[in-house]
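# Breakdown of the fold
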Amino acid sequence: MNRIRQILPVVLSLVLLGLAAWAIRQELKHVSLKDIERSLAAIPTVKKLVAIALTSLGYFTITGYDLLAFRYIQFPLAVPKIILTSFISYAVGNTIGFTLFSGTAIRYRFYTLWRVSQVQITKIIVFTHLSFWIGMLAIGGVVFLVDPLTVPDLLNLPFASLHGLGILFLAITLVYLLFSWCYRKPLRFYKELVTLPSINLSLGLIAVSAIDWSIAAAVLYILLPSHSGLSFAGFFGIYVLALTAGIISTVPGGLGVFETVMLWFRPSSMSASDMLGVLLAYRGIYYFLPFFVAVGLWLIHEWQRRRVS
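This section reports on the structure supplied with the text. (Residues numbered from 1 in each chain as written. Predicted model: local features only at pLDDT ≥ 70, side-chain atom pairs only at ≥ 80, totals over all residues. Heavy atoms only, no water.)

### Re the overall build of the protein chain
Tallying secondary structure elements over the protein chain gives 12 helices and 2 strands in all. Listed by position from the N terminus, the elements making up the protein chain come as α-α-α-α-α-α-α-α-β-β-α-α-α-α. Taking all 309 residues of the protein chain together, 44% fall into the buried category. A separation threshold of at least 6 residues defines the contact pool for the protein chain, and within that pool the share at least 24 residues apart is 72%. Carbon and sulfur atoms form 70% of the exposed surface of the protein chain, whose accessible area is close to 16,400 Å². (Helix = DSSP H or I, 4+ residues; strand = E, 2+ residues; numbered from the N terminus. Buried < 20%, exposed > 50% of the residue type's maximum accessible area, 1.4 Å probe, protein only. Contact = heavy atoms within 4.5 Å. Areas by Shrake-Rupley, 256 points an atom, 1.4 Å probe, with all protein chains shown as cover.)

Take a look at the structure:
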């Protein structure tokens, strides 16, 4: 049974990745590789530079999760060290996937060097993951409730819009906030006592999530062709849905799943080749560029540490 539990997530990821690849192929069956290359090359250099600048701002915002986590555990670690660790863990985790494992391993590697205990690191990891999911539910709930997307007919789903999903997401968020406000007794997890974040910290993590997701969406939005005719508010709902689907799928980086949803919900004024070209540019800028920077910083940090020791 333990072996099955270990293999099952990998098998599920591979199956979903295969289905996503099939769906993308169906969407692009009348599109040539040259069409995609042409749409990728048509993105102005200025837009790419703005997207890179927004990506830098976005990853700086993401470090807010770890900064709030250290406030939660009340451990006085220097801010530059927290930012470095947080950036590397998210940049690597977002690209290779399985952030629960990759991000955890990186945090343990760095924070133990600075004498953060294993119990405190575990609390940080739990806090950052809780932050992400609560933030996702809050943002998705607001977006799907205010501007519910119409589900494409090809999906054959029993509901026509995401209005109900927005209500469910917001209900879960409100229950959590109410619980964190009213219930201040420690909860026992195995041998450890864990207290829920205060209401102020909970609202803070939702604020960080809102800024994080807005900037990430802006990176992709700025790369869209000017003739898309899509407002940022309308686009944000599509982005949140696509990113949520990619995260739930457990496929590394949501690869294929994210692209499939974006292709399904693209505006009629955009061709499939135009959207895929933009998505490829987005992958390169928002995922792979920070990944290579993070790996470089990691190698420099390890070299400096070995040199000092």
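### Section: the environment of D66
One can find D66 in helix α4 (residues 64-73). Since its relative accessible area comes to 0%, D66 is described here as buried. Other than its neighbours up to four places away in sequence, D66 contacts I82, S86, Y90, R107, Y111, I124 and T128.

### Details of unusual backbone geometry
Phi at Q74 is positive, roughly 60°, even though this residue is not glycine. Within the secondary structure, Q74 sits in the loop between α4 and α5 (79-96). With a relative accessible area of 71%, Q74 lands in the exposed category. Phi angles above zero are rare outside glycine, and R115 is one such case at about 65°. We classify R115 as exposed; its relative accessible area is 75%.

### Overview of the nonpolar core
Counting 77 residues, the largest nonpolar core has Y111, L220, Y239, F258, M262 and Y282 as the members making the most contacts within it. Of all the elements, helix α12 (residues 272-308) adds the most residues to this core, at 12 residues. Contacts of L220, omitting those with residues within four sequence positions, involve F235, Y239, F258, M262, V278, L279 and Y282. (Core = buried A, V, L, I, M, F, W, Y, C linked by side-chain atoms within 4.5 Å.)

### Some words on the packing of α5 against α12
Between α5 and α12, the least distance of the axes is 8 Å, while the angle of their chain directions is 135°. In terms of orientation, α5 lies oblique with respect to α12. Where α5 crosses over α12, the two elements pack in a sense that is left-handed. Residue-level inspection shows L84, F87, I88, A91, V92, N94, T95 and I96 of α5 in contact with α12, the latter providing Y287, F288, P290, F291, V293, A294, L297, W298 and H301. The residue inventory of the contact of α5 with α12, partitioned by class, reads 14 nonpolar, 3 polar and no charged. (Axes fitted to C-alpha atoms, helices over the stretch in contact; angles between N-to-C directions. Parallel < 35°, antiparallel > 145°, perpendicular 65-115°, else oblique. Left-handed = near helix turned anticlockwise from the far one by under 90°. Nonpolar A, V, L, I, M, F, W, Y, C, P; charged D, E, K, R; others polar.)

### Focus on the side chain of E302
Within the element layout of this structure, E302 appears in helix α12. Assessed through its relative accessible area of 13%, E302 is described here as buried. Reaching out from E302, the side chain makes a polar contact with the side chain of R109 at a distance of 2.7 Å. (Polar contact = N/O pair within 3.5 Å; in protein donor to acceptor, adjacent residues only side chain to side chain.)

### Here we look at a nonpolar patch on the surface
On the surface, L49, I52, L289, V293, L297 and I300 cluster together into a nonpolar patch covering about 470 Å² of accessible area. Considering every element that reaches the nonpolar patch, the biggest residue donor is α12, with 4 residues. One can find V293 in helix α12. Assessed through its relative accessible area of 41%, V293 is described here as partly exposed. (Patch = residues over 30% accessible without salt bridge, like charges linked within 9 Å, V, L, I, M, F, W, Y side chains within 5 Å. Salt bridge = Lys/Arg side-chain N within 4 Å of Asp/Glu carboxyl O.)

### A closer look at the packing of helix α8 (residues 163-182) against helix α9 (residues 199-223)
Closest axis-to-axis distance for the α8/α9 pair is 8 Å, and the angle between their directions is 150°. Considered as vectors, α8 and α9 are oriented roughly antiparallel to each other. On α9, the residues touching T173, Y176, L177, S180 and W181 of α8 are I199, S202, L203 and I206. Split by residue class, the contact of α8 with α9 holds 6 nonpolar, 3 polar and no charged.

### Some details on the pattern of salt bridges
Across all of its chains, the model carries 4 salt bridges by this definition. Across the pair D66 and R107 runs a salt bridge, and its minimum N-O distance is 2.9 Å. Note that D66 is positioned in helix α4 and R107 in helix α6 (residues 99-113), a separation of 41 residues in sequence. Each member of the pair, D66 as well as R107, is classed as buried.

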